[in-house]
Amino acid sequence: MKFAIVANDLPKSQNVKRNLEKKLLECHMVEDEKHPEIVITIGGDGTLLSAFHKYQDQLESIRFVGVHTGHLGFYTDWREDEIDDLVVSLQSDNGQSISYPLLEVQVKYANEPHMKKYIALNEAALKKIGTTLVTDVYIGGEFFESFRGDGLCVSTPTGSTAYNKSLGGAVVHPNLEVMQVAEIGSINNRVFRTVSAPMIIAPRDWVTLYPDHGTDFVLTIDALTKSGCKIEKIMFKIAKQRIYFAKYRHQHFWRRVQDAFIGDANGV
Ligand code: NAP
């Protein structure tokens, strides 16, 4: 099995990386940073997010495994002190996996002839700094609303617990192949009106934004930020590609949500 390890810069994560690397090489596994079959991340959800983008062109041949060196994450199943168990699981790997939906984003920049394509694991957001974002919103090709406010965020099910949740969006089980649109600071008064609620969009429908002219747009795709761009149109859809994780043990999604956001607060 060919593996690659992506760790964040924390000394703790770097130590785990060295330890794991040594153990995997002792088991005659092959380290291949360019074309791995398994990518093991060490750090947090943010580390998995950066590894995803590093290998986003090879998603069909890669499975991810997340080791957390802080708190349990949404993309990280293994604790740093479970490295030996992880090595045993990797040795007896029989290709088992679980996959989750991704978001496809197509952007038509004013100064470029063709649409530019991006892929997001968590979400993409269009915002404006300084002035109000004004954009027509189409769903499934039909005009839906004219939005005014700070911005709009479109998230995947696994991204629903990230920025989307801070915006009051719903937590979505990742077995559902849907995307969610959440408002960022919408303006609602006697003149301007938006739906003022997060919306769950069906898999085949595109959400399309036609922002009013301006150049102070900020477009974020997970941790990537593009600012000062002139955008004519943005389209969002559930992508054809999916992300695959090596599934060596079952993690109950709602247990993970409880652990991350409620903890012992309601414990008896
Ligand atoms: P980052 O430090 O990599 O991530 C920010 C925080 O979001 C970290 O605590 C990270 O967890 C957590 N996170 C990432 N993905 C998550 C997920 N799917 N579910 C729950 N929590 C998740 O910062 P960054 O480099 O800017 O990363 C971009 C991500 O940050 C975006 O995709 C966005 O979702 C999130 N973000 C959140 C807000 C907000 O909540 N107001 C604002 C901007 C961006 P770990 O500590 O485990 O890495």
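What counts as what
- Residues numbered from 1 in each chain as written.
- Predicted model: local features only at pLDDT ≥ 70, side-chain atom pairs only at ≥ 80, totals over all residues.
- Heavy atoms only, no water.
- Helix = DSSP H or I, 4+ residues; strand = E, 2+ residues; numbered from the N terminus.
- Rg over C-alpha atoms; globule rule 2.2 N^0.38 Å.
- Buried < 20%, exposed > 50% of the residue type's maximum accessible area, 1.4 Å probe, protein only.
- Contact = heavy atoms within 4.5 Å.
- Areas by Shrake-Rupley, 256 points an atom, 1.4 Å probe, with all protein chains shown as cover.
- Lys, Arg positive; Asp, Glu negative; His and termini not counted.
- Charge placed at Lys NZ, Arg CZ, Asp CG, Glu CD.
- UniProt positions renumbered as here; feature names shortened; annotations may be inferred.
- Near = heavy atom within 4 Å.
- Polar contact = N/O pair within 3.5 Å; in protein donor to acceptor, adjacent residues only side chain to side chain.
- Expected span 1.5 Å × (residues − 1).
- Arc of directions from axis to C-beta.
- Phe/Tyr/Trp six-rings, centres within 6.5 Å; stacked < 30°, edge-to-face > 60°.
- Lys NZ or Arg CZ within 6 Å of the ring centre and 35° of its normal.

## With respect to the overall build of the protein
Broken down by element type, the protein carries five helices and 16 strands. Relative to its length of 268 residues, the protein is compact, with a C-alpha radius of gyration of 20 Å against a globular reference of 18 Å. Along the longest, intermediate and shortest principal axes, the C-alpha atoms of the protein span 65 × 55 × 35 Å. Among the 268 residues that make up the protein, the fraction classed as buried is 46%. Partitioning the contacts of the protein with sequence separation of at least 6, the portion at a separation of at least 24 is 69%. Accessible area for the protein stands at about 13,500 Å²; split by element, carbon and sulfur atoms hold 49% of it. Placing the 30 positive and 33 negative side-chain charges of the protein at their respective mean positions leaves the two points 3 Å apart.

## Description of the UniProt feature "binding site: NAD(+)" (unreviewed entry) in the protein
When the UniProt feature table is mapped to this numbering, "binding site: NAD(+)" (unreviewed entry) covers Asp 45, Gly 46, Asn 122, Glu 123, Arg 148, Asp 150, Thr 161, Ala 162, Tyr 163, Asn 164, Lys 165 and Ser 166. With a sequence span of 122 residues, these residues are also far apart in the fold, their greatest C-alpha distance being 31.5 Å. As for its position among the elements, Arg 148 is in strand 10 (residues 142-155). Classification of Arg 148 by relative accessible area gives partly exposed; the value is 26%. Each residue touching Arg 148, except ones within four places of it in the same chain, is listed here: Thr 132, Leu 133, Val 134, Gly 185, Ser 186, Ile 187, Phe 192 and Thr 194. Relative to the assigned elements, Lys 165 resides in helix 4 (residues 163-166). Given the relative accessible area of 33%, Lys 165 is considered partly exposed.

## Some remarks on the site of the ligand
By nearness alone, 16 residues border the ligand, and Asp 45, Gly 46, Glu 123, Thr 161 and Ser 166 come closest of all. In the environment of the ligand, a nitrogen atom lies 2.7 Å from a nitrogen or oxygen atom belonging to the side chain of Thr 161. The backbone of Tyr 163 places a nitrogen or oxygen atom 3.1 Å from an oxygen atom of the ligand. When the ligand sits alone it has 830 Å² of accessible area, and the protein chains cover 60% of it.

## Some thoughts on unusual backbone geometry
The residue Ser 196 is not glycine, and still its phi comes out positive at about 60°. Within the element layout of this structure, Ser 196 appears in the loop between strand 11 (179-186) and strand 12 (199-201). Among the residues examined, Ser 196 registers a relative accessible area of 45% and is labelled partly exposed. One non-glycine residue, Asp 222, lies in positive phi territory at about 50°. Owing to a relative accessible area of 9%, Asp 222 belongs among the buried residues under this scheme.

## Observations regarding helix 1 (residues 11-26)
Owing to its 3.6 residues per turn, the α-helix aligns residues three or four sequence positions apart on the same side. For helix 1, built from 16 residues, the straight-helix expectation of 22 Å at 1.5 Å per residue is met to within 8% by its first-to-last C-alpha distance of 23 Å. What helix 1 keeps buried is the set Ser 13, Val 16, Leu 20, Glu 21 and Leu 24. Across the axial projection of helix 1, the buried residues extend over an arc of 135°, all falling on one side. Away from its buried face, by an angle of more than 90 degrees, helix 1 presents the exposed residues Pro 11, Lys 22 and Glu 26. Elements that come into contact with the buried residues of helix 1 comprise strand 1 (2-7), strand 2 (30-31), strand 3 (38-43) and helix 3 (83-91).

## Some words on the packing of aromatic side chains
Aromatic ring pairs: the centre-centre distance and the angle between the two ring planes describe each pair. Inspection of the entire model under this criterion finds nine aromatic pairs. Taken together, the aromatic side chains of Phe 64, Tyr 75, Tyr 100 and Phe 245 make up a single cluster linked through ring pairs. The residue whose ring lies beneath Lys 116 is Tyr 118, and the NZ or CZ to ring-centre distance is 5.1 Å. Here the basic side chain of Arg 249 rests over the ring of Trp 78, its NZ or CZ set 3.7 Å away from the ring centre.

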